Amino acid sequence: MEKTGKTALIDREKCIGCGACIQACPVNAIQMEPGFRSVVLPERCIGCGTCVELCHQKAPSLRSPQTEAQVV
Ligand code: SF4
Ligand code: SF4
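Residues numbered from 1 in each chain as written. Chains lettered and ligands numbered in written order. Predicted model: local features only at pLDDT ≥ 70, side-chain atom pairs only at ≥ 80, totals over all residues.

Right, let's get into the overall build of the chain. Regarding its fold elements, the chain presents two helices and four strands. Taken from the N to the C terminus, the helices and strands of the chain come in the order β-α-β-β-α-β. Per-residue burial for the chain yields a buried fraction of 25% across its 72 residues. A sequence separation of at least 24 residues applies to 56% of the contacts in the chain between residues at least 6 apart. (Helix = DSSP H or I, 4+ residues; strand = E, 2+ residues; numbered from the N terminus. Buried ≥ 20, exposed ≤ 12 C-beta atoms within 10 Å, placed from the backbone. Contact = placed C-beta atoms within 7 Å.)

Right, here's the structure in full:
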């Protein structure tokens, strides 16, 4: 898989720590933090959007690192 130039960011207020995105991420870019909220490692994330699509809480979103603007 190639990098898309975007990075996922997980909204801690929305995440319930179910772990589904951690299992689904193809490059192991998501980890569980203490407190049961997941966090994206931006240096690993390739912006594939898998976590954005699967999360029922709509906690992850894709952002462009240049602008920090929300793109999805
Ligand atoms: S799938 Fe959504 S709610 Fe579940 S751990 Fe990932 S971001 Fe949090
Ligand atoms: S966008 Fe893709 S690579 Fe990035 S954290 Fe989500 S599932 Fe992993």
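This part is about the site of ligand 2. Looking at ligand 2, there are 14 residues lining it, with C25, C45, C48, T50 and C51 nearest. Split into classes, the residues belonging to the shell around ligand 2 amount to 11 nonpolar, three polar and no charged. (Near = placed C-beta within 6 Å. Nonpolar A, V, L, I, M, F, W, Y, C, P; charged D, E, K, R; others polar.)

Phi is positive for N28, which is not a glycine, with a value near 50°. N28 sits in the exposed class, given 11 other C-beta atoms within 10 Å. At F36, a position not held by glycine, the phi torsion is positive, near 60°. Locating F36 in the fold gives a position in the loop between β2 (30-33) and β3 (37-40). The class for F36 is exposed, based on 11 C-beta atoms found within 10 Å.

Within the secondary structure, R44 is located in the loop between β3 and α2 (50-54). We classify R44 as partly exposed; it has 13 C-beta atoms within 10 Å. Through-space distance from the C-alpha of R44 to that of N28 is 7.5 Å; in sequence the pair is 16 residues apart. Leave out the neighbours within four places in its chain, and R44 touches V27, N28 and A29.

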